[in-house]
Amino acid sequence: MKKYFNIVTLFLIFFLLGSIPISAKVDIGGELAASLINIIDNQGNLSVYPQESLDLELFLPTLNNTQAKFEIYLFNNPMSEGFDYLIKKLYLKHKFDKLHLTLGRQPISWSFGSMLNPVDFTLGAIVMDEETGAKYQDAIEAYVPLNWNSSVSLVAGFPEASQDIKWGLRGRTMIEGYDLTLNYVREPEIDFMGTIIPASQRIGFTTKGDLGPLGVYGALGYYFKDNDDGDLAYLIGGDYSYFFEAGNKIYFQLEYLSIKKDNLSSILGSFFSGNVTNNLNENIGLILGMANYEIDEFSQINLMAISSLNDGSIIVIPGYRNQLSNNLSFNLSTGIYFGKEDTLFGSNVSEGAQQRPKGMISIGLTYSF
Amino acid sequence: MMRKIKGFLLIGIIISILITNFVAITATELTAEEIINKRDDNEYITSIKAEAEMIIVSGGRNITKTMFILSDKRNALVEFTNPGDRGTKFLKREDDLWMFFPDAEEIIKISGHMLNQGMMGSDFSYQDIMESDKLTDLYDFKIIGEEEISDRLCYILEGIAREGVKVSYYRRVSWIDKERFISLKEELYAQSGKLLKETKVNEIQEIEGRWIPIDSIMENKLRKDTYTGFKIVQIDFNPEIPEGTFTLQNLR
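The shown structure was predicted, so the numbers you read here are calculated from the model rather than taken from an experiment.

Definitions and limits used
Residues numbered from 1 in each chain as written. Chains lettered and ligands numbered in written order. Predicted model: local features only at pLDDT ≥ 70, side-chain atom pairs only at ≥ 80, totals over all residues. Helix = DSSP H or I, 4+ residues; strand = E, 2+ residues; numbered from the N terminus. Buried ≥ 20, exposed ≤ 12 C-beta atoms within 10 Å, placed from the backbone. Contact = placed C-beta atoms within 7 Å. Core = buried A, V, L, I, M, F, W, Y, C linked by C-beta atoms within 7 Å. Pairing = 2+ DSSP bridges. pLDDT = per-residue confidence, 0-100.

## Side note on the overall build of chain A
Check the secondary structure of chain A and you find two helices and 22 strands. Within chain A, the fraction of its 369 residues that count as buried is 29%. For chain A, the proportion of contacts with a sequence separation of at least 24, taken over those separated by at least 6, is 47%.

This is the structure:
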């Protein structure tokens, strides 16, 4: 099924490219990034390695309500010590009157403005407000608009590590100024490097709106289990801006996530999940915070933190960004882990377990074109 | 014959003087509401399609953002076209703001407090760029003086926000060209009386019978050495806007 899906997608894209008139405007854009990653281990040793990446996107004109997209991410992989690539987008979208059909590799994101999303189509597609490669899926999406703010979308995904189809259904509407979504996901059985992850299902609900001067949001997820009661996860959060006398602005975002430890690793992504192998039935309370302060029009500092209320471990992620010119920006980001041995975010792990870094500093330049 | 022509000339001159005086008298007798209505008639638009540039200047550095704007009486759609922001879209439907992130192709509702913040790092707030209400619906105006700006005689009008109306600035003082009824300068104040922003028009053009500021700057008076320029590159009034333009599905 998956093989035919890829062949059909490629065939359709070549057909569309062939039908674009030579005079049509085709543009290339993207982002070139170079950075130095510094990893500090528990003994205080520093290992430095460079990281380069190129994000390349082809901008093709829309033809008779049909749009083709191609975006590829090239990067040097420190694991393989060679260049690797990720096709982010390779799809065709046709907008019929009452149906938008998208076929091919596409980003499927059910974000609603939170830093973590326990009810996304792919858990871990967004971690601490940062996108991950997990959101790019081979899929067919049928999107049915109902009115200006309401829609229903059905997704059939083809995960790499499975022969079965992953299904997703999402409804979205707005009531009294609140953006509301209700979704359902059926994950197929996955063979992850020889480990079989059984099929699972979950339903989720999200909302986002305003409460006076505060932006507020929340999510509720229920993870079904075959021979057991299901697991409940919920997230509540808010954001707020404050202007100083000098005109500078600070933006705050704070959220709380309650979730069973068993379900946490997929949401946090592999970067944070080193110490979640024990007490999988324990309920974890996570608190996440972000403060972003604009120094001037071009530069800002931010501070993110995520902490486990169960064991007090914490990751602190300060950062600095400066827009040096129209296309060039400087980025500095760090991550420091605090916590005792075998805590959720602590860098000290039991003997025999995979070692985790104490901290990380990344310094880099990004050029957009 | 010559005497007749001189007679007609004299009558003509007298009539012109009378008309000029009449217009002048009428003009000076305009009320604040009539002046602001004339300004609204000139500057207020039913719908527009425009291409614009936003130049953010701070401490000798500047960056330029380009955009495409579609707007009608209640809604606005802005799409950025410069590298770095290409494909980022904002949809404003009355008091609700939505943002489309092109990389993830996701649509997120932006919190209400963000409406008063600088759009993409500029001194123009989302509200400044996308506000489409008539000023007379939002403020009570009175004339507080006259002054010459760039060799143009202007009325100075003060507008105070109407009770119960949501506005970005509690008080605004506008310098309105007495002849062209276009605002050449404006000061925007907080309720505390603090001057927040000042706009000045560098260039105006008569397009389709309207005087339009095509090059203006906005200074954030709370900050030093910073301003944002806004240039209209191309503008169409009352374009045909397809049904479904101001919808979430159109952002995708």
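## What about the overall build of chain B?
Along chain B, the regular secondary structure elements total five helices and 13 strands. Split into buried and exposed, the 252 residues of chain B put 32% on the buried side. Across chain B, contacts joining residues at least 24 apart in sequence account for 43% of those joining residues at least 6 apart.

## What to know about the nonpolar core
If you look at the biggest cluster of nonpolar residues, it comprises 31 residues, and the most contacted ones within it are Leu116, Ile259 and Ile267 of chain A. Elements with a contribution of two residues or more to this core: strand 6 (126-127), strand 15 (214-223), strand 16 (231-243), strand 17 (249-260), helix 2 (261-268) and strand 18 (283-294) of chain A. Those residues in contact with isoleucine 259 of chain A, other than ones at most four positions away along the chain, are Pro118, Ala233, Leu264, Ile267 and Ile284 of chain A. With 26 residues, the next largest nonpolar core counts Leu70, Val78, Met119 and Phe124 of chain B among its residues.

## Observations regarding the pairing of strand 8 (residues 136-147) of chain A
Residues and elements named next belong to chain A. Examined bridge by bridge, strand 5 (residues 100-107) and strand 8 share eight bridges and lie antiparallel to one another. Across the sheet, the residue bridging to leucine 101 is alanine 142, located in strand 8. Sheet topology places strand 8 next to strand 9 (residues 150-157); eight bridges connect them, and they run antiparallel. Directly across from alanine 142, in strand 9, lies its bridge partner leucine 154. Between strand 8 and strand 9, which pair antiparallel in sequence order, lie two residues.

## Considerations on the interface of chain B and chain A
Counting from both sides, the interface comprises 30 residues of chain B and, opposite them, 35 residues of chain A. Put simply, the parts of the chain that give the side of chain B that touches chain A at least two residues each are strand 1 (47-58), strand 2 (61-72), strand 6 (106-110) and helix 5 (248-251) of chain B.

## Some words on the pairing of strand 9 of chain A
Residue and element names in this part refer to chain A. Burial along strand 9 is one-sided: Ser151, Ser153, Val155 and Gly157 are buried, while Ser150, Val152, Leu154 and Ala156, pointing the other way, are not. Note that strand 9 and strand 10 (residues 166-175) share seven bridges and pair antiparallel. Pairing of valine 152 across the sheet is with glycine 171, part of strand 10.

## Re the confidence of the model for chain B
Per-residue pLDDT for chain B averages 82, and the proportion of residues at 70 or more is 87%. Low pLDDT, under 50, characterises residues 1-27 of chain B; the stretch is placed with one contact to residues that sit more than four places away or in other chains.

## Describing the environment of valine 78 of chain B
Looking at the secondary structure, you find valine 78 of chain B in strand 3 (residues 75-80). The exposure class assigned to valine 78 of chain B is buried, which follows from the 22 C-beta atoms found within 10 Å.

## A word on the environment of serine 111 of chain A
Topologically, serine 111 of chain A is positioned in the loop between strand 5 and strand 6. Here serine 111 of chain A falls in the buried class, since 20 other C-beta atoms lie within 10 Å of it. In the structure, serine 111 of chain A is positioned 14 residues away from alanine 125 of chain A in sequence and 8.9 Å away in space, judged by C-alpha atoms. Other than its neighbours up to four places away in sequence, serine 111 of chain A contacts Asn117, Asp120 and Ile126 of chain A together with Ala104, Glu106 and Ile108 of chain B.

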